Amino acid sequence: MVSGKLRKVGNYLRKGWSSTDPDSYSHYKRGRERQRKQEERGREEANHSAELDREEVQRGREYEERYAAERAAEEPETESPRDDLG
């Protein structure tokens, strides 16, 4: 008998005194919390994707600078043998 009452009280406490009524404050509170977390995840994802885009742009710039320098270094070498042939 006592264990049954304790179980009932424990279940009540575990549910956090939440009501099953859809118009209750606990439903409202859970909905607001879910919405806040979704918005937070959305912001974090947007920040992460923007950071990845910035990194990709930076890598692209570095790639262009590196290979432009390599092409510039190679150009005189390819032109000088032509001058020797002429």
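This text goes with the structure placed above it.
Because the structure is a prediction, the values reported are computed rather than measured. (Residues numbered from 1 in each chain as written. Predicted model: local features only at pLDDT ≥ 70, side-chain atom pairs only at ≥ 80, totals over all residues. Heavy atoms only, no water.)

## Regarding the overall build of the chain
Phase 1 of the analysis: In terms of regular secondary structure, the chain is built from two helices and zero strands.
Phase 2 of the analysis: The buried share of the chain, taken over its 86 residues, is 2%.
Phase 3 of the analysis: For the chain, the computed accessible surface area is about 8300 Å², with 51% contributed by carbon and sulfur atoms. (Helix = DSSP H or I, 4+ residues; strand = E, 2+ residues; numbered from the N terminus. Buried < 20%, exposed > 50% of the residue type's maximum accessible area, 1.4 Å probe, protein only. Areas by Shrake-Rupley, 256 points an atom, 1.4 Å probe, with all protein chains shown as cover.)

## Comments concerning the pattern of salt bridges
Phase 1 of the analysis: Counted by the stated rule, this structure contains two salt bridges.
Phase 2 of the analysis: Arg36 is the partner of Glu33 in a salt bridge, and the nearest nitrogen-oxygen pair spans 2.5 Å. One end of the pair, Glu33, and the other, Arg36, are both in helix 2 (residues 25–85), three residues apart, so they sit about a helical turn from each other.
Phase 3 of the analysis: We classify Arg36 as partly exposed; its relative accessible area is 38%.
Phase 4 of the analysis: Among the salt bridges present, the one from Arg36 reaches Glu40, with a minimum N-O distance of 3.1 Å. A residue pair is termed a helical-turn pair when its members lie 3 or 4 positions apart in one helix, as Arg36 and Glu40 do in helix 2 at four residues.
Phase 5 of the analysis: Note on Glu40: relative accessible area 33%, which makes it partly exposed.
Phase 6 of the analysis: Here the salt bridges share partners, and the residues they tie into one network are Glu33, Arg36 and Glu40. (Salt bridge = Lys/Arg side-chain N within 4 Å of Asp/Glu carboxyl O.)

## Describing the side chain of Ser26
Phase 1 of the analysis: Looking at the element boundaries, Ser26 is found in helix 2.
Phase 2 of the analysis: Taking the relative accessible area as the measure of exposure, Ser26 reaches 16% and is therefore buried.

## Looking at the packing of aromatic side chains
Phase 1 of the analysis: Enumeration over the complete set of coordinates arrives at two aromatic pairs.
Phase 2 of the analysis: Ring geometry for Tyr25 versus Tyr28: centroids 5.9 Å apart, planes at 40 degrees, classification tilted. With a gap of three residues between them, Tyr25 and Tyr28 both fall in helix 2, about one helical turn apart.
Phase 3 of the analysis: Geometrically, the ring pair formed by Tyr63 and Tyr67 is tilted, given 4.5 Å between the ring centres and 55 degrees between the ring planes. A residue pair is termed a helical-turn pair when its members lie 3 or 4 positions apart in one helix, as Tyr63 and Tyr67 do in helix 2 at four residues.
Phase 4 of the analysis: Judged by its relative accessible area of 44%, Tyr63 falls in the partly exposed class.
Phase 5 of the analysis: Accessibility expressed as a relative area gives 29% for Tyr67, which makes it partly exposed. (Phe/Tyr/Trp six-rings, centres within 6.5 Å; stacked < 30°, edge-to-face > 60°.)

## A word on a nonpolar patch on the surface
Phase 1 of the analysis: Side chains of Met1, Val2 and Leu6 sit close together on the surface and give an oily, nonpolar patch of about 400 Å² of accessible area.
Phase 2 of the analysis: Within the fold, Leu6 resides in helix 1 (residues 2–14). (Patch = residues over 30% accessible without salt bridge, like charges linked within 9 Å, V, L, I, M, F, W, Y side chains within 5 Å.)

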